Amino acid sequence: MKVTPQSIPDVLLIQPKRFDDPRGFFSEVWKRSALEAAGMQVEFVQDNHSLSREVGVLRGLHFQRAPHAQGKLVRVLRGRIFDIAVDIREGSPTYLQTVAVELSAENWQQLWIPRGFAHGFLTLEPDTEVFYKVDAEYNREADGGIAWDDPALGIDWPLPPGGPVLSDKDRVAPLLADLAPVFPKGSV
């Protein structure tokens, strides 16, 4: 398993080994000892799986407030996404910086997004399935979001000509400037 820190070193791109043969393939997509050797200490408690039927489905930018903040290990089972992690930890040297990667069933990569980040993705192929493990259970009262097009973040989404397909919740998500501090210094 190859683990590569991104421009924000807490965000890790993980490339599991994949063994192909005429029958198909085998891969250890998560192995505690390998990730601990790379400095990732995490205990997963919930798995999430989404299906997006159309190209241009944009989910995010989502986060869970402390003490229910979530770290996520994201991978694509079918299709392709433009995946975004935004550092919203006040006082962090990378505050408001983003990491953007393309994850796909073909490239077999995963992205580790630690607590203190907002997360979102845009589907680049129809019928895209995303699977992610989280280290804290979902809590409705801690659920939050930031507008996907917040100018303070300057995310250059590769949108289709018709624009993104959004949920009602994501359509009305506030700008980060209109939120109370999400992760004040020292909260995660």
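Residues numbered from 1 in each chain as written. Predicted model: local features only at pLDDT ≥ 70, side-chain atom pairs only at ≥ 80, totals over all residues. Heavy atoms only, no water.

A. The UniProt feature "active site" (unreviewed entry) in the chain, seen in detail. In the numbering used here, UniProt assigns the "active site" (unreviewed entry) feature to H62 and Y132. Of the residues just listed, which span 71 residues, no C-alpha pair is farther apart than 13.6 Å, and they cluster in one region. Lining residues of the largest pocket drawn from the annotated list: H62 and Y132. Not counting the four nearest positions on each side in its chain, H62 is found in contact with F117, A118, H119, G144, G145, K169 and D170. A distance of 3.4 Å separates the side chain of H62 from the backbone nitrogen of G60, its partner in a polar contact. Residue placement: Y132 occurs in strand β12 (residues 128-134). Look at Y132 and you get buried, because its relative accessible area is 17%. Not counting the four nearest positions on each side in its chain, Y132 is found in contact with Q46, D47, N48, K72, L73 and V74. (UniProt positions renumbered as here; feature names shortened; annotations may be inferred. 1 Å grid on protein atoms, 1.4 Å probe; cavity = no way out; pocket = protein on both sides within 12 Å on 5 of 7 lines; lining within 4 Å. Contact = heavy atoms within 4.5 Å. Polar contact = N/O pair within 3.5 Å; in protein donor to acceptor, adjacent residues only side chain to side chain. Helix = DSSP H or I, 4+ residues; strand = E, 2+ residues; numbered from the N terminus. Buried < 20%, exposed > 50% of the residue type's maximum accessible area, 1.4 Å probe, protein only.)

B. Representation of empty space enclosed by the protein in the model. Tallying each qualifying case throughout the model produces 1 cavity of 30 Å³ or more. Quantified by volume, the largest cavity comes out at close to 40 Å³. Every residue lining the largest cavity is listed: P16, V29, R75, V76, S104, W108, Q109 and Q110. For the lining of the largest cavity, a count of residues per class yields 4 nonpolar, 3 polar and 1 charged. (Points joined across faces, edges and corners; volume = space filled by probe spheres on them. Nonpolar A, V, L, I, M, F, W, Y, C, P; charged D, E, K, R; others polar.)

C. A look at the environment of K169. With respect to the helices and strands, the residue K169 is situated in helix α2 (residues 168-171). The exposure class of K169 is partly exposed, given its relative accessible area of 41%. Residues K169 and D87, 82 residues apart in the sequence, show an inter-C-alpha distance of 21 Å. Setting aside chain neighbours within four positions, we find K169 in contact with H62 and D143.

D. Geometry of the layout of surface pockets. Within this model, the largest pocket holds a volume of roughly 400 Å³. Forming the walls of the largest pocket are 25 residues, and the residues nearest its centre are H62, K72, Y132, D143 and K169. Residue assignment for the lining of the largest pocket shows that the elements contributing at least two residues are β5 (46-52), β6 (58-64), β11 (117-123) and α2. Broken down by element, the lining of the largest pocket gets its largest block of residues, 5 residues, from β6. Of the residues assigned to the lining of the largest pocket, the class counts are 11 nonpolar, 9 polar and 5 charged.

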